[in-house]
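Here are the chains, one letter per residue:
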Amino acid sequence: MATAKKAAKKAAAKKAPAKKAPAKKPAAKKVAAKKPAAKAPAKKPAAKKAAVKKVAAKKPAAKKAAAKKPAAKKARKPNPAFMKALTPSAALASIVGDKPLPRTEVVKRLWDYIKKGKLQDAVNKRLINADEKLRQVFGKAQVNMFEMTGLVGKHLK
């Protein structure tokens with residue numbers, strides 16, 4: 001029993017200095033650096049500095065939000081170039097109709113045609129599998145949805 005007590009005391013003695021030593025070194029540095037500025041406990045100035053940093057970080061964000069508010073109040077004007085009615089080619093007219101339409105309406109009607117015919121690829125929804133009508137417009141069997149508008153633009157005058 002005596003050896004067990006001695007072993008426990010040695011283990012406790014070894015653990016205690018190990019925990020205290022790292023705690024004392026940073027505390028000594030903080031106290032030495034902060035004594036000339038203020039005699040307050042070490043935790044309060046650190047908390048004040050953190051609060052000051054947080055407030056300073058929030059102020060620019062508030063300014064940006066204030067700058068965006070007037071822009072949000074303005075009414076959004078559509079670009080007249082998108083709203084200009086264009087005549088589709090014969091190949092495109094078989095899908096969207098032969099009347100002059102704005103680009104936005106042409107794309108909307110194309111998507112209606114694609115969804116109605118279930119022409120989106122089952123695995124990758126970004127790809128459109130062209131049927132005979134769309135193959136005349138696109139020029140290939142499968143098209144990425146992002147390049148579709150560029151290919152359709154060639155069929156509008």
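Okay, so let's go over this structure. What you are looking at is a predicted structure, and each value in this text was computed from that prediction instead of being measured.

### As for the nonpolar core
Then, in step 1: In this structure, Leu92, Ile128, Leu134, Phe138, Met148 and Val152 are the most contacted members of the largest nonpolar core, which totals 22 residues.
Then, in step 2: Every element with two or more residues in this core is listed here: α4 (90–96), α5 (103–116), α6 (132–138) and α7 (145–153).
Then, in step 3: With 5 residues, α5 is the largest single contributor of residues to this core.
Then, in step 4: Apart from residues lying up to four places away in sequence, Leu92 is in contact with Gly97, Val106, Leu110, Val137, Val152, His155 and Leu156.

### Examining α7
Then, in step 1: Listing the buried residues of α7 in full gives Met148, Leu151 and Val152. One side of α7 holds all its buried residues, which, seen down the axis, span an arc of 95°.
Then, in step 2: Considering only its buried residues, α7 is in contact with α4, α5, β1 (127–129), α6 and β2 (142–144).

Conventions we followed
Residues numbered from 1 in each chain as written. Predicted model: local features only at pLDDT ≥ 70, side-chain atom pairs only at ≥ 80, totals over all residues. Heavy atoms only, no water. Core = buried A, V, L, I, M, F, W, Y, C linked by side-chain atoms within 4.5 Å. Buried < 20%, exposed > 50% of the residue type's maximum accessible area, 1.4 Å probe, protein only. Helix = DSSP H or I, 4+ residues; strand = E, 2+ residues; numbered from the N terminus. Contact = heavy atoms within 4.5 Å. Arc of directions from axis to C-beta.

Limitation: the analysis is restricted to geometry and does not speak to function.
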